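# Topology and contacts: notes
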Amino acid sequence: MAATDKYFNDQNTLDIVFGVSNILMLLSIFWMFWQDYNREYKAEQRIFREIEVEMANREAIKSIPSQGEFDAKAAKVVELREKKKSKAGELSAAEAKIFSLKPKRERAEAEFQAAKSDVESITSFRSGALEEKNDKLAATYDKQLVDLNKRLDDAQAKRDGIVSEMKLEQQKIDAIEGELTKAVAEFKKVNDRFDSQVKLALNKRWGWGDRFRTLPVINGFADPLKIHQFTINDIPIDYNFKQVTRFDRCMSCHQGIEKANFTRANLEALWKTEDSQKQIDEAIANHKKRLEALDPREHGTIPDPSGLAVTAISKDVLTPARVTEFCAHPRLDLFVGPNSKHPAEKFGCTSCHSGQGSGTSFTDASHGPNTLEDKHRWAKERGYEFNHQWDFQMLPKRFIESSCLKCHHEVTDLISRDNRVEAPKLLRGHTLIKENGCFGCHEISGWKGGVRVGPDLRLEPSTPLEHMHPIERERVVNDPDNRPGTMRKVGPSLARVNEKLHKDFIAKWVRSPSGFRPHTKMPHYYGLSTNDKSVLPDDQKTHPDTEIISIAHFLSETSKKYLDDTAKIKGDRDSRRKDEDRLLELLNKGRLIENEKVKEQTELGQVKDRIRSRKEIELLDDVMRQAAPVLAKGYKANGVAGRDLFIEKGCLACHTHQASETSAGKSPAIVSDAVFGPNLSQIAEKFAGNENARKFLVTWILNPQVHNPRTRMPVTHLTAIEAANIAEWLMTQKYNRDADDPWNKVAIDQPKTKDLQELARVYLRRMLSKSDMEKFLEGGFKDGADWDVVKGDLTADEKALRDSVKNEDALKFYLGKKAVTRLGCFACHDIPGFENTKSIGVGLNDWGKKPADRLAFEDISNFFAKHYQTEDPHNMKGDKEPYEPFYAEALTGHHRQREGYLNQKIRDPRSYDYNRIRAWDDRARMPKFTLGRPRKKDGEKDDAFKARTFKEEADAREAVATFVLGLVAEQVPTKSINQPTGDRLAEIKGRQVLDKYNCAGCHTIRPGLYDFKLGLTVDTLENVHGNERSEMVGEVVHAGDHHWTGRNSVGGERVAAFATQATFKSKSKSVVLVLSEAFRFVGKDKSVKNIPSGVEIEIELADLFDDPTKITSQADLDRALQTVSPHGGTFTELMVGWLAEKKPDNFKASRDRARAFLPPPLIGQGERTQPSWLKQFLLDPHKVRPMPILRMPRFNMSEIEAQALVDYFAAVAKQSNPGIGLPYPHESIPQRGELSSAYWRNKTAEYLQHLDKTKSRDERVSVLTPVWEQIQKDREPVLTSALAAKGKEIDAMTEKLPMEKDAKKKQEMQDQITALKEEQKQLEVEIAQLSVVEQRKRWELQEAYAVDAYRLLMHRETCTKCHQVGNALAVEQVLQGPPLHLVAERLRPDWVERWVANPKRFAHYTTMIQYFSHAKTQYQTHFAGSADDQIRAVRDALMNFPRVSSLPANRVPVVIQAVPKK
Amino acid sequence: MHDHYGLSGSLQTGIGLFYFLVMLMNVGFALYQWYDRKDQLQTIIWGAVSAIFGIHAVAYLLHFGWAIFPWLQHAIDYAMGPTTYFLLAVVGFTVLLYFRAFFTDPVVAWSILMITLWFSGLAMTNINFKDIITKPDNVPIVMLIFSVGFVTWLALRKAVINDERIAAGQPPVEKEMEEKVLVWPDLVYTELIAMIICTLILIVWAIVLKAPLEQPASSARIPNPSKAPWYFLGLQEMLVYYDPWMAGVVLPTLIIKGLMALPYIDFNQKGNGYYTFNERKFSVTTFLFGFLVLWCVLIVLGTFLRGPNWNFFGPFEPWDPHKNVPLNNVNLSDYFWLYLLGMSTEGHWFLRELPGLLFVFGYLFVLPPLLAKTIFRDFFIRMGFVRYMILITLIQFMACLPIKMVLRWSINLKYIVFIPEYFFNI
């Protein structure tokens, strides 16, 4: 075609296309702007603006001063103004005076200044003249200066006179006007609050400028709506290879998070208006009018509140979801707030909550729904989807506490200083993991490359630190890469299992532990979803029973062998020493040469074993010697007494027993919930079949360490007879099993040889070819060439089995060992031969971060469909187990999550093997644990109990999951980690030891912390305060001690009380607290008041709880206060009731009296006892108090642990009671010293002064003179005869001396004579000192104070009434306190002083009374002085008891009687 | 795995809208047939097709839609595998070229498009299919399928028309316009419009499918599957068959070098400035085979059908990361020594790999002269030695991939030459 001018395309069409595409382009650009304008956070911020303005409006209106307040303050102003008016004359006179004085002062001032400048001028001239050596001229100036100085002085005097006159007048004016000014200021303050609120409210409102800047497109330049971002470098996001800065933009939407008044209630209040606009307008107008009526000078600017409108915000705008979005973070004192421990600027949001901090949309932020319902709602309302772009989805609320672990590695540091449990779920998880021994199989190490990254719950070394040789211990402790763990195995040692159990029982127990003992910690290994007979293929059906029988056989045989081996090694002294030397040698070698030879290592092990065995045998021998009489044939123990002993001696602090729960004879019922030790109800049944069981039980009770060196059961100081009685009772109590109890149905088939062989093939198959395996099982292998071929592939177990493979027992032993190895029984039990076996579970160090796609969910969906129904756990209907929707979704939903996996893994650990083809030894090995241990309540229906059990189990599971999810092993920079030091660290570490030995079983360790509004309670408090104040008149108050003066409240309307008991009073709808610390509150008159400790206060329920109607019983109260109630003392609480019931007469007056017979609370223990004594006591407790029915047992505690406890108590005392200035670790006790020391001499001098003042010195002397005479009379003859004897000796020596030839011997004799002469001199001095004059001199110098203090102490009506002192028994025999001669070593002097001043302050139940009171003057004949002096005298006498009591004057008992009565 | 997710309401609405749009397309096509082509029969057919799509649209919009039949899903999943997929692609390619006259008929092409769209809509009812197709990352690939399809069709159609003209002795269409230079305003104006529309599409795309907010890549967590950018997925597929040095270095280099060398290799003067197939059978076929089959088809394979662990998944199969597919592949040396001669393969690598090395040597150095003597005799004569050798080597390397694929599928061959001692495998 030829070229033409025609266009190829139709231009018209192109124009249209061009036009349309341009329009579309424009529209798309608008769309883009619109999208930007509507970005989620911008929309939210716009809404928040409205809410903020409304909130500010309401605050402003709320702050309109009430008429009363306004009138009161205004009236005061008016009144004072009137007063001013009435003194108008005086005022104007003064003002006139000042007015008239003013010119005079000015003139005088001018004169003074003139004189002053003249003086200065002439002085400078004089200096010039002197410099030019013109003395004459200088002299002239001097003369002038004399006159001038006089003039200056006069002028000054005149001026000062006038000034002071004016001041005087001014004072007069101030006296009249000052009060008025103050009142005006006060008045102004009332209005200022409103004023500033109004200003704030107006400020929050948007002007047209703001509105303009937010318009679409324009907002691209200076939008008032902005992304709020924190840049957090302190806690970066850990990507293993890189630490990435955290950018948290959460506050872009959560705008109210830091604003304290944005509470949920306040926000919800915005939905409606309580007052109509008209009322508000009226109120504002009224206030305005009030102000306008006043003199404008007095109220400053009148705020212009016009336009303050209150409008309800529609629920469509402020949806409930937005209330959540905008409301303030809970506990701003702890989180987010700038003054909290976790300020948002430093911690951001995602370091705790996780989620995508950079996201500014709901989905991008990776929110985590707490329930499935939430998720669906979010999806509907916000288009929420699971954000798979982000690994760390926001933690659902239920797991939020797991984040605490990131920085709080000790876990126990989550209990705050004031004993608030800040992360109860996490702590429960921690406890459950420690209780159930998860760390036995799963490493929870918390160390990464020598850096701490999480909690450390590793097992202790196989030889515990305290049993190691010091050389070895040092090496182990100082190994930076592998620090020793501290956890003990949770199960009993099985080394000696043969002594107590029969093989058959072991087998049955392994098959069904909870069938036997429903609340046992031992998990189920058999009868589970992978190995129940019903699900096993035919060729494996006999495996479980075969394995169980083999395990029982193996354990029994191993134990037998262990016992035999141990018994053999006794050895004489030589072989012992040889072993010890060899140990040292080998250890030293090990240190020098890193690669110890195998042979030497084996030998080391053997030597250690021998040493250990000897110790064990010695201990056993010792215990057996004690127990021999009661173990003799024919000995009849008293089971009835055994019951009371079992109850009284503290067994119930850790154990429970069904038989104690019903009364028997005179012994009332007692129900313990203790789960620290096993439930002993079934113990008789358990030991049946083993003839040695009684022997075992008696020796175990006497000293459990005989059978398990690492047991946490303490030595309870029982006599053999007592132990025998308890054993007798335990062995005769039958456990009530229902006819349909599952235990009755537990039957294990004895395996046939074929079954054993079949199971053996499971293991052998992996090492041998099929034909070799059969040959092996036939016993076809003997030493020879064919054996040499295969033996390299076999382990020691198979080699040992070879020759006895036809023997059933040998096969069982082999299979048992294999099973124990595979199932990891040694994780909880000590089993000989498994000391160094590696744990079998997956490490949990960073499990919390494990990506879900690395988890093998396997065929869980089908398992789920077959076994569970998605249901609320409360609904137990249907034949399948209910499953919480949240977890169902997380386990089987579109996006499977680790939470779902974990929950199911704990719930049914073997279920992941469902529908999978696995070899017998290749299946999931984790056993099924029962974590919750609820008890059936009286009258609870079966269904209700079942539902509750289910719920508690689910809660426990979630607690464990919370802990595990917190194990993320993130290297948080050190500065952000909570690194407690000093006292706080001691407190945290101490708590771990307290938990380890269940100290809280008997002792109350921490007081409860109850915080409440003052509200209604203030009246009752005022009342108590009034009563107490009148009672305290006579009391010696110790300022700064929190037993008398309370701590300041944190602030706000709430106050906090520390108390040991909280009792519900249904009648008055209140709670009665027994204060363990003084309580401080601000009374109605705005003054600070203290109620001392030991006093009961009553709190209105309404002030303690938001919803008091929910509390209708003590049980409700306990539940509601669970996290804040006192920690520990459960056993004591139980026993108070039991004793009161058993001996009603003794405790008629007060049940609390019973507490004196029971373990004491340990609140304030640190200020009470001396550290060195306490440590010794913890390691080896001796009997202190005669009253209690049980003694502190001796725990299996290391010295380090004892020290940790001592540190703990001191640390707690220092922190909770800083006013007393507790010295720790070193305390000097000035009293403890010779009486010639400065302390005693000063005291004596002071005391004599006092005696002189009261003119009673002579009286004292006259009383003492006969005593001194008596002493002289008694001592003189003795000393004189001694003197004479010495003289004779010297004479004899002197005679012999010249006859001695040997120079050396001569010298010796000479020395002897000199020494004798010295002694002679000494005696002479002593005789001289015996004279009455000398004695009196000494009395006046250093003894007067001590003698009288001692007399006061020994007064039959005070201390010695109830306390034994030395050999002097107490008057009172029943209510006896601890012997006083122990005080000097045991107690701290300051505490003794405070205690004697008022014992009730420390223990409200104590039987000791307050003897020394300011209100009375008493005991002056014994010790003259005030109550304070007397208390200190008692303290001093006690603290230096050995010296004071051995004073000659005090040794003569006549002293006390000889005091004449006044 | 995810089957318990039924047909959600929003999905049905989406599919309904999709069918509605397809219906509109058909209405348009029918109108085109009526007004432009005046073809009554076609109008009736496409009117009926519109009605069918209309019914679909209504059903899905009212949420009464049906899911794709499970048997069909399973059948497709079952039949699918890398082998079948690739073979189908090759067969389809061959058929397309052979019957190009048929396929380039607009009605046929439209029918194929409609069948594809109908099936796509139906297939979307499967959650796995839907997930993978609608993944924002994969949108370009979906566009690629249709755009490449269209462009190929267009080129072929023009070629077929020209071929017919040439056969009839007429010049190609393009020759008729030879003297025109359509720059202003035609080209410039069109380009401007294209620019605007392109921008428009990008803006809308950016608004509708927002870029995700992702986290920094973590060395500790490699995504599974780890995929190359979509345009390199063809290369990644080669990694299944070849060592990285081969698939990642040698072959890509040769692709680039080869493309650069093309103008110098090409000796055919025909086909300049106009579409033709018949006059350039070898070049067009080779290029299309390389681009369509060895590049685009493999991109689609890599995008939609390769899942976790680089396993092959049918279009309806859930991506189960635990799926375990055995790879019992055997090296050539094992075949030769172990199975053929019954000898141990232990020994010096050179001896062991001698058969493989000989094979490679033969392929690279013996085959070209043989071909020059036989099939490519004509080429050899016309191109001369150097150009011939370059061409044949490039073709040989291009053929590497299908050859290795066939060997893998047919005899489970792992490597022809396997020298782990020097990390050298072919």
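Data block above holds the structure.
Thresholds applied
Residues numbered from 1 in each chain as written. Chains lettered and ligands numbered in written order. Predicted model: local features only at pLDDT ≥ 70, side-chain atom pairs only at ≥ 80, totals over all residues. Heavy atoms only, no water. Helix = DSSP H or I, 4+ residues; strand = E, 2+ residues; numbered from the N terminus. Expected span 1.5 Å × (residues − 1). Buried < 20%, exposed > 50% of the residue type's maximum accessible area, 1.4 Å probe, protein only. Arc of directions from axis to C-beta. Contact = heavy atoms within 4.5 Å. Polar contact = N/O pair within 3.5 Å; in protein donor to acceptor, adjacent residues only side chain to side chain. 1 Å grid on protein atoms, 1.4 Å probe; cavity = no way out; pocket = protein on both sides within 12 Å on 5 of 7 lines; lining within 4 Å. Points joined across faces, edges and corners; volume = space filled by probe spheres on them. Nonpolar A, V, L, I, M, F, W, Y, C, P; charged D, E, K, R; others polar. Pairing = 2+ DSSP bridges. Buried area = accessible area lost by both parts, 1.4 Å probe. Salt bridge = Lys/Arg side-chain N within 4 Å of Asp/Glu carboxyl O. Axes fitted to C-alpha atoms, helices over the stretch in contact; angles between N-to-C directions. Parallel < 35°, antiparallel > 145°, perpendicular 65-115°, else oblique. Left-handed = near helix turned anticlockwise from the far one by under 90°. Phe/Tyr/Trp six-rings, centres within 6.5 Å; stacked < 30°, edge-to-face > 60°. Lys NZ or Arg CZ within 6 Å of the ring centre and 35° of its normal.

### With respect to helix α3 (residues 67–86) of chain A
Since the α-helix advances by 3.6 residues per turn, residues separated by three or four positions end up pointing in the same direction. Residue and element names in this part refer to chain A. For α3, which comprises 20 residues, the first-to-last C-alpha distance of 27 Å matches the rise-based estimate of 28 Å (1.5 Å per residue) to within 8%. Residues F70, A74, V77 and L80 constitute the buried set of α3. Viewed along the axis of α3, the buried residues span an arc of 120°, placing them on a single side of the element.

### Some points on the environment of R458(A)
Residue and element names in this part refer to chain A. Here R458 shows up in the loop between β6 (451–452) and α16 (470–477). Counting along the chain gives 12 residues from R458 to G446, while the straight-line C-alpha distance between them is 8.9 Å. Those residues in contact with R458 that sit more than four places away from it in its chain are E443, I444, S445, W447, N482, R483, P484, G485, T486 and M487. A polar contact of 2.6 Å, which involves the side chain of R458, links it to the backbone oxygen of R483.

### Considering empty space enclosed by the protein
All names here are of chain A. Tallying each qualifying case throughout the model produces 11 cavities of 30 Å³ or more. What the largest cavity holds in volume is close to 130 Å³. In this structure, the largest cavity is lined by 13 residues; those nearest its centre are P369, K375, F886, E889 and Q897. Those elements that provide at least two residues to the lining of the largest cavity are α14 (372–382) and α33 (885–892). Counting residues per element, the lining of the largest cavity draws most heavily on α33, at three residues. Along the lines of polarity and charge, the residues of the lining of the largest cavity split into seven nonpolar, three polar and three charged. Considering only enclosed or pocket space, the second largest cavity measures out at about 100 Å³ in volume. In this structure, the second largest cavity is lined by Y525, Y526, T530, N531, E547, R822, L823, R910, W920, R923, A924 and R925.

### Considering the pairing of strand β15 (residues 1096–1100) of chain A
All names here are of chain A. Of the two faces of β15, the one lined by I1097 and I1099 is fully buried and the one lined by E1096, E1098 and E1100 carries no buried residue. The pairing of strand β12 (residues 1070–1075) with β15 spans five bridges and is classified as antiparallel. Bridge assignment links V1074 to a residue of β15, and that residue is E1096.

### A look at the interface of chain B and chain A
The interface of chain B with chain A comprises 37 residues on the first partner and 43 residues on the second. Roughly 3,600 Å² is buried in total at the junction of chain B and chain A, and carbon and sulfur atoms are behind 61% of that figure. Among the residues of chain B in contact with chain A, L213(B), Q215(B) and R221(B) are the three that bury the most area, contributing 18% of the side total. On the surface where chain B and chain A come into contact, there are zero salt bridges. Connecting chain B to chain A are five residue pairs in polar contact (both at pLDDT 80 or more). The greatest single-element share of the side of chain B that touches chain A, amounting to 15 residues, is contributed by helix α10 (residues 183–208) of chain B.

### Quick notes on the packing of helix α45 (residues 1257–1296) of chain A against helix α46 (residues 1303–1329) of chain A
Residues and elements named next belong to chain A. It is the contact of α45 with α46, at a shortest axis distance of 9 Å, that shows an interaxial angle of 160°. Classed by the angle they form, the pair α45 and α46 counts as roughly antiparallel. For α45 against α46, the interelement crossing comes out left-handed. Within the contact of α45 with α46, the residues separate by chemical class into 10 nonpolar, five polar and nine charged.

### A few points about helix α25 (residues 720–732) of chain A
Its 13 residues give α25(A) an end-to-end C-alpha distance of 18 Å, which sits within 8% of 18 Å, the value for a rise of 1.5 Å per residue. Residues of α25(A) that are buried sit in contact with α21 (598–631), α22 (639–648), α23 (683–687) and α24 (693–702) of chain A.

### Quick look at the sheet that holds strand β11 (residues 1054–1065) of chain A
All names here are of chain A. Pairing within the open sheet is antiparallel, and its four strands lie in the order β10-β11-β12-β15. The open sheet is flanked by β10 (1008–1013) and β15, the only strands paired with a single partner. Adjacent strand axes in the sheet meet at a mean angle of 55°, parallel and antiparallel pairs treated alike. Pairing of β11 with β12, which is carried by six bridges, proceeds in the antiparallel orientation. Following the sheet pairing, A1059 is matched in β12 by L1075. Running at roughly 165° to β15, helix α37 (residues 1017–1031) makes contact with β10 and β15 of the sheet.

### Examining the packing of aromatic side chains
Residue and element names in this part refer to chain A. Enumeration according to the criterion identifies 85 aromatic pairs over all chains in this entry. With 6.0 Å between their ring centres and 70° between their planes, W1044 and F1402 make a pair best called edge-to-face. In this pair, W1044 sits in the loop between α37 and β11 while F1402 sits in the loop between α50 (1389–1397) and α51 (1427–1439), placing the two residues 358 residues apart along the sequence. Residue classification places W1044 among the buried positions, given a relative accessible area of 2%. These aromatic residues form a ring-pair network of at least three members: F863, F864, Y868, Y883 and Y914. Sitting over the face of the ring of Y37, R46 holds its NZ or CZ atom 3.9 Å from the ring centroid. Positioned over the ring face of W447 is R483, at 4.0 Å from the centre of the ring.

### Observations concerning the pattern of salt bridges
Residue and element names in this part refer to chain A. One pass over the full model with this rule turns up 129 salt bridges over all chains. For the salt bridge of K158 with E111, the shortest nitrogen-to-oxygen distance reads 3.8 Å. Here E111 lies in helix α4 (residues 88–131) and K158 lies in helix α5 (residues 135–204), a separation of 47 residues in the sequence. Look at E111 and you get partly exposed, because its relative accessible area is 38%. A single salt-bridge network, built from bridges that share partners, covers E460, E466, R488, R710, K996 and E1201.

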